[in-house]
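One-letter residues, chain by chain:
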Amino acid sequence: QVQLVESGGGLVQAGGSLRLSCAASGRTFSTYSMGWFRQAPGKEREFVAAISWSGGRDYADSVKDRFAISRDNAKNSVYLQMNSLKPEDTAVYYCGAARRLKAVSTSQYDYWGQGTQVTVSS
């Protein structure tokens, strides 16, 4: 069992930056691929970024070159640095953990956090 807790969301102006954190419980964090997804009101949850246990990274086209995912296995944590934020980035951001090496869709994830709200004002 893995428990995930996100933090770092908030209100920011367009062009600003935020750094999201996700803290995981358990001693097997380093064996999971970790991902960030987001869900805007009335929309489905969508992939944002993922990092495998080997360090490979994947990004959605909409955030490539603006967002960066990283992990610190010693701290059981994964991070999402978000720069040049746009109003369309407004959503609840969720952290997920997956047992598979490459995980870019919601169905591939085994555990989820409760989410953290990110609001970007224009």
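Everything that follows concerns the structure shown earlier in this document.
Not measured: the values here are computed from a predicted model. (Residues numbered from 1 in each chain as written. Predicted model: local features only at pLDDT ≥ 70, side-chain atom pairs only at ≥ 80, totals over all residues. Heavy atoms only, no water.)

**Student:** Explain the overall build of the chain to me, and be specific about the residues and the numbers.
**Tutor:** Regarding its fold elements, the chain presents 0 helices and 11 strands. Tracing the chain from N to C terminus, the helices and strands come up as β-β-β-β-β-β-β-β-β-β-β. Taken over the C-alpha trace, the chain has a radius of gyration of 13 Å; the compact-globule value for 122 residues is 14 Å, and the two agree within 12%. For the chain, the residues scored as buried account for 44% of the 122 residues in total. (Helix = DSSP H or I, 4+ residues; strand = E, 2+ residues; numbered from the N terminus. Rg over C-alpha atoms; globule rule 2.2 N^0.38 Å. Buried < 20%, exposed > 50% of the residue type's maximum accessible area, 1.4 Å probe, protein only.)

**Student:** Account for the pattern of salt bridges, naming residues and giving values.
**Tutor:** Scanning the model with the defined rule gives 6 salt bridges in all. With its nearest N and O atoms 2.7 Å apart, the salt bridge here joins Glu46 to Arg38. Classification of Arg38 by relative accessible area gives buried; the value is 6%. Linked by salt bridges that have partners in common, Arg38, Glu46, Arg66 and Asp89 make up one network. (Salt bridge = Lys/Arg side-chain N within 4 Å of Asp/Glu carboxyl O.)

**Student:** How would you sum up the sheet that holds strand E1 (residues 4-7)? Please name residues and give values.
**Tutor:** Strand order in the open sheet formed by 4 strands is E1-E3-E8-E7, with antiparallel pairing between adjacent strands. In this open sheet, the two strands that pair with only one neighbour each are E1 and strand E7 (67-72). Ignoring which end each strand starts from, the neighbouring axes of this sheet average 15° apart. Relative to strand E8 (residues 77-82), E7 runs antiparallel, the two sharing 6 bridges. (Pairing = 2+ DSSP bridges. Axes fitted to C-alpha atoms, helices over the stretch in contact; angles between N-to-C directions.)

**Student:** Can you explain the packing of aromatic side chains? Please cite residues and give values.
**Tutor:** Under the counting rule described, the total for this entry stands at 5 aromatic pairs. On the basis of an interplanar angle of 75° and a centroid distance of 5.6 Å, the ring pair of Phe37 and Phe47 is categorised as edge-to-face. Taken together, the positions of Phe37 in strand E4 (residues 33-39) and Phe47 in strand E5 (residues 46-51) put the pair 10 residues apart, joining distant regions of the chain. Accessibility assignment for this pair places Phe37 and Phe47 in one class, buried. In this structure, Arg19 is placed above the aromatic ring of Tyr79, and the distance from its NZ or CZ to the ring centre is 4.0 Å. Above the face of the Phe29 ring, Arg71 is positioned so that its terminal group lies 4.7 Å from the ring centre. (Phe/Tyr/Trp six-rings, centres within 6.5 Å; stacked < 30°, edge-to-face > 60°. Lys NZ or Arg CZ within 6 Å of the ring centre and 35° of its normal.)

**Student:** Describe the nonpolar core, listing the residues and the values that go with them.
**Tutor:** Counting 35 residues, the largest nonpolar core has Leu4, Met34, Trp36, Leu80, Met82 and Tyr93 as the members making the most contacts within it. If you list the elements that add at least two residues to this core, you get strand E3 (18-24), E4, E5, E7, E8, strand E9 (91-98) and strand E11 (116-121). (Core = buried A, V, L, I, M, F, W, Y, C linked by side-chain atoms within 4.5 Å.)

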